[in-house]
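Listed below, chain by chain, are the residues.
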Amino acid sequence: MDEVSVLVSTGNLGDNIIEEGTFYEGCKRRIDCFAADAGSADVGPTFLGSDLPHNPIEWERHDLEIMLIEARKRGVPMIVGSCSTTGTDSTVDRFAQLIREIAAEHHLEPFKMASIYSQVDRGELRKRVAAGRCEPLGAPYELDDQVIDQTTNVTASMGVEQLIEALRQGADVIMAGRACDDAVLAAYPIHLGFPIGISLHMGKAAECASLVCWPQMVKESIIATVTQEYFSIEPMHPAQAATPHSVAAHSMYERTNPFVQGVPGGILDMHASRFEAATDRICRVYDSAFVPSEDGSYKVKLEGAGEVGYRVYNLVGIRDTRAIRYLDKICEDTRNKVAEIIGPERAGDYQLYLHPYGHNAIMREYEPVSDTQTHEVAIVIEVISDDIDLASTVAKCAKFRFFYMSYPGQMNSSGGSVALITDEPLYPKNKCYRWTVDHLLALDDPLDPAIFRYEYEIVGN
Amino acid sequence: MQTRNICELARTIRSKNAGSFMITLEIIFNDREVYERVKATGAITAEAIAEAYRIPAEQVLDFMYYDPGMGIKANLRRASASGGPGETDVYGCQQYAPLFALEIPWVDR
């Protein structure tokens with residue numbers, strides 16, 4: 001095989017649906033593998049922490065269905081990583097069940113499916129921490145028992161090694177837990193013996209599908225092809241082009257460094273990468289290199305989130321420009337009065353945040369504008385507590401104090417002097433979670449059976 | 001001194017999460033000549049970005065020019081991780097607006 005072509009149709013399977021026009025346009029070509037990343041930590045910690053789905057299941061089903069049918073028609077692998085956003089064990093089960101249902105509905109010929117689980121048992125994690133196998137990655141603190149106690153769910157992000165193992169076992173369809181997005185696309189080319197660096201850079205460039213092309217479009221298909229010398233990107237949408245600039249610029253996206261990307265077992269080094277136009281719509285990239293870690297270590301990223309408590313919101317609006325002038329003071333008065341009324345003995349039982357939209361709610365400590373010019377603002381009152389009644393009480397107390405705000409030059413006399421969007425507090429469906437674990441775990445064996453578990457089954461007929 | 005505003009010269013100015021504890025800022029050009037001219041003025045530095053955000057320069061991390069992508073990049077550490085208590089920009093995607101203040105010395109040729 002001189003080259004291997006992967007059809008990439010979505011940068012996040014299930015967070016909306018794949019555009020079918022360019023998907024089937026791509027299917028007219030030779031496709032050797034269908035691959036999609038379905039995960040993201042961008043959505044926030046709530047879904048990993050609660051292990052609840054982020055996406056409507058009908059969108060996930062749509063994408064899995066069109067990919068599975070076309071992959072089985074050709075007898076080529078289908079690989080999905082980071083199932084249903086978070087890649088916990090339950091998300092792998094959810095996607096595997098969808099695959100079974102779709103196969104039955106379309107009477108597909110039997111095929112072998114691998115489910116790869118990468119959720120990390122917290123007891124196992126404690127052992128690894130005690131053995132000194134963990135270190136901080138994004139989190140600015142060490143992982144210890146206290147952090148693990150505050151964590152509900154943890155996953156390990158697999159690289160290509162764990163996916164290739166399933167391919168070696170003859171899997172036609174792989175539903176994987178949390179995985180590096182580039183690995184999901186690079187696994188099959190590397191399995192076939194194509195260069196690791198070129199394959200990984202292809203994965204990194206193509207993982208958001210049509211977002212790597214210009215003008216920007218979402219959920220449109222691209223074909224990513226790997227050869228011994230280079231990889232290429234070709235959009236299936238006729239109005240899009242993959243250019244040296246669009247592909248290089250995408251290397252910056254959501255990364256702190258476009259030249260170097262840490263991957264399990266080493267780095268992807270893109271200092272020497274050359275981006276060349278093969279045509280006005282197809283870009284080729286040469287000379288990207290995989291550099292194994294100097295000490296031979298193999299480290300995977302751990303992602304974990306933990307529960308903080310119930311969260312209650314109130315939303316109050318102010319149109320009085322004379323009040324807006326004293327917004328900081330009004331917020332401070334509110335905070336002080338709430339603290340006084342709830343009392344010091346309960347001060348540690350709740351967290352109160354005031355978010356003055358129209359002032360500095362979005363950027364807070366990074367907001368350079370101090371002099372608010374707007375004629376109306378909204379203050380979102382956010383309260384978090386283990387005790388939902390206390391959270392409701394504090395949120396109501398803050399709302400009440402805004403009603404009775406006072407400030408120099410006040411024209412409004414008293415009472416009910418903020419605009420409410422609703423007369424009741426707002427309760428999100430889920431509790432409040434936070435990111436707790438963003439660390440690396442060193443493994444002696446990439447296939448460490450306590451971290452990565454495999455289940456194989458024959459699906460269909 | 002004649003200047004041009006960065007919004008007249010760049011194609012894209014954006015911010016986004018780079019992991020859950022970091023926000024990455026990007027200014028991307030679509031014209032090689034414009035990019036090289038902006039770079040040559042030396043007007044965009046970690047210090048200039050710090051000034052736009054009114055923060056100490058040492059908080060602007062990993063400042064770099066990325067020639068293949070015609071881009072300028074810098075990172076800011078989040079005060080608290082995305083989506084947790086009191087946090088208000090889960091995707092980190094509305095943290096770029098202060099970059100609009102950047103003025104580039106520019107004489108029309």
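Since this is a predicted model, take the numbers as computed values, not measurements.

1. What about the overall build of chain A?
Working step 1: Counting secondary structure elements, chain A contains 13 helices and 20 strands.
Working step 2: If you line up chain A on its principal axes, its C-alpha atoms span 80 × 50 × 50 Å.
Working step 3: Taking all 461 residues of chain A together, the buried fraction comes to 57%.
Working step 4: In the structure as shown, chain A presents an accessible area of about 18500 Å², 49% of it carried by carbon and sulfur atoms.

2. A closer look at the interface of chain B and chain A
Working step 1: In this assembly, 45 residues from chain B lie in contact with 45 residues from chain A.
Working step 2: When the two sides are added together, the surface that chain B and chain A hide from each other amounts to roughly 3700 Å², 59% of it contributed by carbon and sulfur.
Working step 3: The interface formed by chain B and chain A holds 3 salt bridges in total.
Working step 4: A salt bridge links K16(B) to E254(A), with the nearest nitrogen and oxygen atoms 2.4 Å apart.
Working step 5: The interface formed by chain B and chain A holds 18 residue pairs in polar contact (both at pLDDT 80 or more) in total.
Working step 6: Those elements that provide at least two residues to the side of chain B that touches chain A are β2 (12-17), β3 (22-28), α3 (46-53), β4 (61-66) and β5 (71-77) of chain B.
Working step 7: Ranked by residue count, the leading element in the side of chain B that touches chain A is β5(B), at 5 residues.
Working step 8: Partitioning the side of chain B that touches chain A into residue classes produces 20 nonpolar, 16 polar and 9 charged.

3. Focus on unusual backbone geometry
Working step 1: The amide bond that connects W214(A) to the next residue, P215(A), takes the cis arrangement and shows omega of -5 degrees.
Working step 2: Within the element layout of this structure, P215(A) appears in the loop between α9 (196-206) and β8 (222-226).
Working step 3: Positive phi values are uncommon outside glycine, yet E254(A) reaches one of about 60 degrees.
Working step 4: With respect to the element layout, E254(A) can be found in the loop between α10 (244-250) and β10 (260-263).
Working step 5: Residue M70(B) is not a glycine yet carries a positive backbone phi of 50 degrees.
Working step 6: Its location among the elements puts M70(B) in the loop between β4 and β5.

4. Examining the packing of helix α12 (residues 327-342) of chain A against helix α13 (residues 388-403) of chain A
All names here are of chain A.
Working step 1: With their axes 9 Å apart at the nearest point, α12 and α13 run at an angle of 135 degrees to one another. The orientation of α12 relative to α13 falls into the category oblique. In the packing of α12 onto α13, the handedness of the crossing is right-handed. For the pair α12 and α13, the contacting residues are I330, C331, T334, K337, V338, I341 and I342 in the first and L390, T393, V394, C397, A398, R401 and F402 in the second.
Working step 2: Residue composition of the contact of α12 with α13, grouped by class: 10 nonpolar, 2 polar and 2 charged.

5. Some thoughts on α13(A)
All names here are of chain A.
Working step 1: Here α13 spans 23 Å end to end across 16 residues, near enough to the 22 Å set by a 1.5 Å rise per residue.
Working step 2: Those residues of α13 not exposed but buried are L390, A391, S392, V394, A395, C397, A398, K399, F402 and F403.
Working step 3: At its buried positions, α13 is contacted by β15 (298-318), α12, β16 (350-357), β17 (377-385) and β18 (419-420).
Working step 4: For α13, the N-terminal capping position is held by D387, with its side-chain oxygen 2.9 Å away from the main-chain nitrogen of D389.

6. Notes on the domain arrangement of chain A
Working step 1: What the domain assignment reports for chain A is domain 1 (3-303 + 436-459) and domain 2 (320-416).
Working step 2: On a C-alpha basis, the centres of domain 1 of chain A and domain 2 of chain A stand 43 Å from each other.

7. Quick notes on the state of the cysteines
Residues and elements named next belong to chain A.
Working step 1: Across all of its chains, the model carries 0 disulfides over all chains by this definition.
Working step 2: We note that C27 lacks a disulfide partner, and the nearest cysteine sulfur, in C33, lies 12 Å from it.
Working step 3: Residue C27 is classed as buried on the basis of its relative accessible area of 10%.
Working step 4: With no disulfide of its own, C283 has C213 as its nearest cysteine by sulfur position, at a separation of 9.2 Å.

About the criteria used
Starting from 1, residues in each chain are numbered consecutively following that chain's sequence as written. Whichever chain is written first becomes A and whichever ligand is written first becomes 1, with later ones labelled in order. Only residues with pLDDT of 70 or above have their local features reported here, since the model is predicted, and side-chain atom pairs are shown and tallied only from 80 upward, although totals for entire chains, interfaces and linings are computed over all residues. For side-chain calculations, the full set of non-hydrogen atoms in the structure is used, while hydrogens and water are omitted. Only runs of H or I of at least four residues qualify as helices and only runs of E of at least two qualify as strands under DSSP, and these elements are numbered from the N terminus. Accessibility here uses a 1.4 Å probe with only protein chains present; expressed as a share of the type maximum, an area under 20% marks a residue as buried, one over 50% as exposed, and anything in between as partly exposed. Areas reported as accessible are Shrake-Rupley estimates using a 1.4 Å probe. Residue values count occlusion only from the protein chains shown. Whether two residues are in contact is decided by their heavy atoms: any pair within 4.5 Å suffices. The term buried area denotes the loss of accessible surface (1.4 Å probe radius) that occurs when two parts are joined, taken as the sum for both partners. Think of a salt bridge as a Lys or Arg side-chain nitrogen and an Asp or Glu carboxyl oxygen that are within 4 Å of each other. Think of a polar contact as two N or O atoms within 3.5 Å of one another; within protein, one of them needs to be a possible hydrogen donor and the other a possible acceptor, and neighboring residues in sequence only count if both atoms come from side chains. Residues were grouped as follows: Ala, Val, Leu, Ile, Met, Phe, Trp, Tyr, Cys and Pro as nonpolar; Asp, Glu, Lys and Arg as charged; and all remaining residues, including Gly, as polar. A fitted line through C-alpha atoms represents every axis, and for helices the fit uses only the stretch in contact; the resulting angles, taken between N-to-C directions, go from 0 to 180 degrees. Oblique is the label for any angle not covered by the other classes, which are roughly parallel (under 35 degrees), roughly antiparallel (over 145) and roughly perpendicular (65 to 115). Crossing handedness is defined as follows: a turn of the near helix away from the far one that is anticlockwise and smaller than a right angle gives a left-handed crossing, while the clockwise case is right-handed. Here the expected length of a helix is defined as 1.5 Å per residue gap, with one fewer gap than residues. Where a domain begins and ends is set by an automatic assignment or by a domain database. Two cysteine sulfurs form what is called a disulfide whenever their separation falls within 2.5 Å.

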